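Reading the structure
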Amino acid sequence: MRGRRRERHRFGNLGRWLSTEGTTAAATREVAGASDSGLRVVLWDTRHGGAFKDFAGGYGVGQFRGKGPRAKIIEYFYRNDFRSPPLAYGYLAAGLQKLGHTVAYSLEETPPADVYVFNPALMTLPYELEVMRRLNETAPKTKLLAVGTVASTMPESFAGINCRVLKGEPEQLIPKFDEALAAGEQQLSIGTVADLDTLPFPDWSVFPYWQFRVGYDFWKFPTAYVQSSRGCTLSCTYCPYIILENKVRTRAPERVVAEIRRNIDEYGFESFKFRDPLFGAKRKHAEELAERIGKLPRKIQFSVESRIELLSRDVLTMLRDVGLTSVTVGIETPSRETLVKYKRAPIKDDKQSQFVAMCRALGIRVIAGFMIGFHEDTRQTIRAVLRYAKQVDPFVANFNVCTPYPGTGFIDEIASQIESRDWSRYDVYTPNLKYEHLTSDEVAEMHQHCFRQYYFRWAYLKDNWRFMFPRLHKLTSRFLSPAAVTAPEPAPANPLKVISASGEASQAAPPLVQLNMQAPQRRSA
């Protein structure tokens, strides 16, 4: 019965989202036919250049593009994911509909509407500005609103466009919608959400939610984004998570789990990616959340991002027992000098290796971010990062190219070393600095080299096959008694010295092989 209800829900809302997949006409008719009591609002979106917007603190990231046969294989598996639009769009869809407006989601198309909402990623900003200019020309009466991190930190980018640039958290548009439309100035500060528990549950019905998947974290789909906290208290100069606010705010665990339950019942989500920059910063909060997740009517899969000091063995075991499948951490570089220079507290090398081994023993995937392409890097320092990645040996090693984000202290520190401010290149995989010892092309080639050398090795396959083939591992484990594996436990967390995991600043590159790589298809009614 629940499955049939989901199918009716899916097909009943098919005309409410817009894309290039054949539903544009139906959705346009619905938007154009909105009642006189409310406005027709379009949440406009793009995946131009392979962008995924809900990463890097809202600046978004691109996709790894391989050069050469082996790198192309990695790229192939990378591209099988179909991520959700920004979580903020889910909140806006729910909140604006509660205000009596008709809301639709548009992927690339520009149907008739009274209001368009844009949430550009840094790499899609030039493209979205062009779309906004065209709308000014073809639909001059349509109101354009820009929200999100880019709008908050780069409002001058919208000069010359008839739009309102809202500085603050996108969800603040819900209580300030009328004020935003009536504003006389182009820029309007809307602030941050004072109480996260006042946010409505996201409405995914206007999106193609049945396609959402994050393959490196899960093997059950579709995948929803969810959030139990926002913000970070620390001071990594290159991290975008502390731009709007340098503190942690939490949602009540019962509210978070109620949202998960609704997402299961209404939309059939089977996996949940927590978008907290620092999951578990408050241990009691994480414990209560785990307890409540364990009481859901059926087991889910979920993933988190954090620092290894916050995730002791007992915390990991507690979370694993109620569905944790994956942890994202930022390792960055083995160079203590580089970490200290950019105000990231170093962690002893052996602690990071022990953490990955402990997670593997518990059956938890580790997604680790490594960073290359600092101004002072050499071939030797980049090779050292690759060697260290192999030593730590996470399930996914994502090699980011150092990227200076507007609004961070880092971009000011290295302003004279920035070679390109063409924002379409800011996808975390493209070199944009002037390098002291290397050319941009050499950094790009070393970046490709890191991916190829990391994934194409027998040691990787031996250590991670259980995550690459989860169903095969489950089948074999029924007949083979797993050997007892113990791993040293990381040092206890010091709450005053914990810092945010900036490795998530990019969408993680996928492992070389995974099962179930096809995007979920809508089942027939």
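This text goes with the structure placed above it.
Let us look at the structure shown here. (Residues numbered from 1 in each chain as written. Predicted model: local features only at pLDDT ≥ 70, side-chain atom pairs only at ≥ 80, totals over all residues. Heavy atoms only, no water.)

Check the secondary structure of the protein and you find 17 helices and 15 strands. Buried residues in the protein amount to 61% of all 525 residues. Taking the contacts inside the protein whose residues are at least 6 apart along the sequence as the reference set, 77% of them involve residues at least 24 apart. By element, 52% of the accessible surface of the protein is carried by carbon and sulfur atoms, the whole surface being about 20500 Å². (Helix = DSSP H or I, 4+ residues; strand = E, 2+ residues; numbered from the N terminus. Buried < 20%, exposed > 50% of the residue type's maximum accessible area, 1.4 Å probe, protein only. Contact = heavy atoms within 4.5 Å. Areas by Shrake-Rupley, 256 points an atom, 1.4 Å probe, with all protein chains shown as cover.)

What follows deals with a nonpolar patch on the surface. Taken together, the side chains of W458, L461, W465, L472 and L475 make up a nonpolar region of the molecular surface, amounting to roughly 520 Å² of accessible area. Within the residue set of the nonpolar patch, elements represented by two or more residues are α16 (458-468) and α17 (470-477). Broken down by element, the nonpolar patch gets its largest block of residues, 3 residues, from α16. Here L461 shows up in helix α16. Note on L461: relative accessible area 30%, which makes it partly exposed. (Patch = residues over 30% accessible without salt bridge, like charges linked within 9 Å, V, L, I, M, F, W, Y side chains within 5 Å. Salt bridge = Lys/Arg side-chain N within 4 Å of Asp/Glu carboxyl O.)

Our focus in this paragraph is the pattern of salt bridges. For the coordinates displayed, the defined rule picks out 28 salt bridges. Notably, a salt bridge pairs R40 with D114, separated by 3.0 Å at the nearest N-O pair. With a gap of 74 residues between them, R40 in strand β2 (residues 40-45) and D114 in the loop between β3 (102-107) and β4 (115-118) connect regions that are remote in the sequence. One salt bridge connects R79 with E75, and the closest N-O pair in it is separated by 2.7 Å. Exposure remark for R79: the relative accessible area of 34% places this residue in the partly exposed category. Each of the salt bridges in this network shares a partner with another, and the network as a whole consists of E169, E171, R230 and R249.

Okay, the packing of aromatic side chains next. Evaluation of the coordinates by the stated rule reveals 29 aromatic pairs. When the ring of F399 is compared with that of Y454, the centres are 6.2 Å apart and the planes differ by 70 degrees; the resulting orientation is edge-to-face. A residue pair is termed long-range when its members are at least 10 positions apart, and F399 in strand β15 (residues 396-401) and Y454 in helix α15 (residues 440-455) qualify at 55 residues. Note on accessibility: F399 and Y454 belong to one class, buried. Three or more aromatic residues joined by ring pairs make a cluster, and in this case those are F82, Y105, W204, F207, Y209, W210, F212, Y267, F269 and F272. Across from the ring centre of Y225, 5.7 Å away, lies the NZ or CZ of R275, which sits over that ring. (Phe/Tyr/Trp six-rings, centres within 6.5 Å; stacked < 30°, edge-to-face > 60°. Lys NZ or Arg CZ within 6 Å of the ring centre and 35° of its normal.)

Cis geometry marks the peptide bond from F221 to P222, where omega comes out at 5 degrees. Tracing the backbone shows P222 in the loop between β7 (187-191) and β8 (223-226). Of note, A56 is a non-glycine position whose phi angle comes to about 55 degrees, a positive value. The class for A56 is buried, based on a relative accessible area of 0%. The phi dihedral of D393 falls on the positive side, at around 65 degrees, and the residue is not glycine. With a relative accessible area of 5%, D393 lands in the buried category.

All right, on to the packing of helix α13 (residues 379-392) against α15 then. Between α13 and α15, the shortest axis-to-axis distance is 10 Å and the interhelical angle comes to 20 degrees. Comparing their axes, α15 and α13 come out roughly parallel. Judged by the twist between their axes, the crossing of α13 over α15 is right-handed. Between α13 and α15, the contacting residues are R379, I382, R383, L386, A389 and K390 on the first element and E442, M446, H449, C450, Q453 and Y454 on the second. (Axes fitted to C-alpha atoms, helices over the stretch in contact; angles between N-to-C directions. Parallel < 35°, antiparallel > 145°, perpendicular 65-115°, else oblique. Left-handed = near helix turned anticlockwise from the far one by under 90°.)

Before going further, it helps to examine empty space enclosed by the protein. Inspection of the entire model under this criterion finds 9 cavities of 30 Å³ or more. Counted as a void, the largest cavity has a volume near 580 Å³. Looking at the largest cavity, it is lined by 29 residues, and the ones nearest its centre are G57, G58, T149, Q227 and R230. Top element by residues in the lining of the largest cavity is helix α4 (residues 87-98). It accounts for 3 residues. The class makeup of the residues in the lining of the largest cavity is 11 nonpolar, 9 polar and 9 charged. (1 Å grid on protein atoms, 1.4 Å probe; cavity = no way out; pocket = protein on both sides within 12 Å on 5 of 7 lines; lining within 4 Å. Points joined across faces, edges and corners; volume = space filled by probe spheres on them. Nonpolar A, V, L, I, M, F, W, Y, C, P; charged D, E, K, R; others polar.)

In β8, alternate side chains face the same way, and those of T223 and Y225 on one face and A224 and V226 on the other are all buried. With 4 bridges connecting them, β8 and strand β11 (residues 271-274) associate as parallel partners. Each residue of the ladder has a partner; that of A224, found in β11, is F272. (Pairing = 2+ DSSP bridges.)

As a further point, take the nonpolar core. If you look at the biggest cluster of nonpolar residues, it comprises 144 residues, and the most contacted ones within it are V117, F274, F302, L316, F355 and F399. Ignoring any residue separated from it by four or fewer positions in sequence, one finds V117 in contact with V41, V42, L43, W44, Y89, L92, L145, V147 and L173. (Core = buried A, V, L, I, M, F, W, Y, C linked by side-chain atoms within 4.5 Å.)

Right, let's talk about the environment of W204 for a bit. Of note, W204 is situated in the loop between β7 and β8. With 120 residues separating them in the primary sequence, W204 and S84 have C-alpha atoms 9.5 Å apart. Once residues within four sequence positions are removed from consideration, W204 is found in contact with S84, L87, G90, Y209, F212, Y225, N263, Y267 and F269.

What follows deals with the layout of surface pockets. There is about 670 Å³ of room inside the largest pocket. Lining the largest pocket are 19 residues, with W219, Q301, T325, G363 and K474 sitting closest to its centre. Considering every element that reaches the lining of the largest pocket, the biggest residue donor is α17, with 5 residues. Considered class by class, the residues forming the lining of the largest pocket number 7 nonpolar, 6 polar and 6 charged.

Glancing now at the sheet that holds strand β12 (residues 301-305). Taken in spatial order, the 6 strands of this open sheet run β8-β11-β12-β13-β14-β15, and their pairing is parallel. The open sheet is flanked by β8 and β15, the only strands paired with a single partner. Adjacent strand axes in the sheet meet at a mean angle of 20 degrees when their direction is disregarded.

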